[in-house]
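Close look at the chain arrangement
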Amino acid sequence: MKKIFLAAAFVVAGFLGANAQFTFGAGLRVGLPVGDFGDTHSFGIGAEVQGEYNFSEKFSGIITTGYTNFFGKTVDVPPFGEIEFESAGLIPIIAGVRVYPTTTFFIGAQAGYGILTGNGDSEGAFCYQPQIGYNGSKFQVALNYNALSKDGSTLGHIGLTGIFKFGGGGE
């Protein structure tokens, strides 16, 4: 399922990439779980794809998806002993906007649906991601907070993403 979704994202973004106002990119993501998520998982690493449509020099729309694997921890829980948490995967499907105060700096926010996988199961929840970043001619670096919220609980992480831009305005 993940492979089909990512392949579809590449095809759609490749088709739209012909437009000079649209930039397609792909890259790596690292994440550091915080809060309760940080108690059970150590760090995450994954891949991300994004499409960005420039409405003007100062404002753009963005769509993002990918997959990040968070490695489980072994935690000592007295009197039960050690509990080993399995790895968990995150698939965000989010869209939003970015504002560019300068050509190389952006502030943005995205929201949508996130899927948390693990233990042979998956569950979806509301996903949101505020971000700040640097925009170069061929790459972007973004620092963000990504969270899944459902039924009053939140699993979040601080993420750093490096995107290589190609297609459209990234060429």
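In what follows, the structure referred to is the one given above.
The text that follows walks through the structure, step by step, so that each part is easy to find. (Residues numbered from 1 in each chain as written. Predicted model: local features only at pLDDT ≥ 70, side-chain atom pairs only at ≥ 80, totals over all residues. Heavy atoms only, no water.)

1. Considerations on the overall build of the protein chain
- For the protein chain, the count of helices and strands is two helices and 10 strands.
- Walking the protein chain from its N terminus toward its C terminus, one meets helices and strands in the order α-β-α-β-β-β-β-β-β-β-β-β.
- The buried share of the protein chain, reckoned over its 171 residues, is 40%.
- Within the protein chain, contacts between residues at least 6 apart in sequence are counted, and of these 53% link residues at least 24 apart.
- If you sum the accessible surface of the protein chain, you get close to 9200 Å²; carbon and sulfur atoms cover 68% of it. (Helix = DSSP H or I, 4+ residues; strand = E, 2+ residues; numbered from the N terminus. Buried < 20%, exposed > 50% of the residue type's maximum accessible area, 1.4 Å probe, protein only. Contact = heavy atoms within 4.5 Å. Areas by Shrake-Rupley, 256 points an atom, 1.4 Å probe, with all protein chains shown as cover.)

2. Thoughts on unusual backbone geometry
- The omega torsion of the bond from Pro 78 to Pro 79 falls at 0 degrees, within 30 degrees of zero and hence cis.
- Position of Pro 79 among the secondary structure elements: in the loop between strand E4 (74–77) and strand E5 (81–84).
- Backbone geometry at Asp 151 places phi at a positive 50 degrees, although glycine is not the residue there.
- Residue Asp 151 is classed as exposed on the basis of its relative accessible area, which comes to 75%.

3. Section: the pattern of salt bridges
- Scanning the entire structure with this criterion turns up three salt bridges.
- A salt bridge links Glu 48 to Arg 29, with the shortest nitrogen-to-oxygen separation between them at 3.4 Å. Separated by 19 residues along the polypeptide, Glu 48 in strand E2 (residues 41–54) and Arg 29 in strand E1 (residues 22–34) bring together distant segments of the chain. The burial state of Glu 48 is the same as that of Arg 29; both residues are buried.
- In this structure, Glu 52 and Arg 98 form a salt bridge, with 3.1 Å as the shortest nitrogen-oxygen distance. In this pair, Glu 52 sits in strand E2 while Arg 98 sits in strand E6 (residues 88–102), placing the two residues 46 residues apart along the sequence. Of the two residues, Glu 52 and Arg 98, both sit in the buried class. (Salt bridge = Lys/Arg side-chain N within 4 Å of Asp/Glu carboxyl O.)

4. Thoughts on the packing of aromatic side chains
- Inspection of every chain in the model, using the stated rule, returns 10 aromatic pairs.
- Relative to Phe 71, the ring of Phe 43 lies with its centre 5.0 Å away and its plane at 40 degrees, an arrangement referred to as tilted. Highlighted residues: Phe 43 in strand E2 and Phe 71 in strand E3 (residues 59–72), separated in sequence by 28 residues.
- The exposure class assigned to Phe 43 is partly exposed, which follows from its relative accessible area of 42%. (Phe/Tyr/Trp six-rings, centres within 6.5 Å; stacked < 30°, edge-to-face > 60°.)

5. Observations regarding the pairing of strand E7 (residues 105–118)
- Across 12 bridges, the pairing between E6 and E7 is antiparallel. In the strand pairing of E7, Val 97 is matched with Ala 109.
- Connecting E6 to the antiparallel partner E7 that follows it, the hairpin turn spans two residues.
- In this antiparallel pair of consecutive strands, E7 and strand E8 (residues 121–135), the connection spans two residues, and Asn 119 shows a positive phi of 55 degrees. (Pairing = 2+ DSSP bridges.)

6. Looking at the nonpolar core
- In terms of nonpolar packing, the biggest core is built from seven residues, these being Phe 37, Phe 70, Leu 90, Ile 94, Ala 125, Cys 127 and Leu 148.
- Elements represented by at least two residues in this core include exactly E6 and E8.
- Apart from the residues lying within four places of it in its own chain, the contact partners of Cys 127 are Pro 92, Ile 94, Gln 110, Ala 111, Gly 112, Tyr 113, Gly 114, Asn 146, Ala 147 and Leu 148. (Core = buried A, V, L, I, M, F, W, Y, C linked by side-chain atoms within 4.5 Å.)

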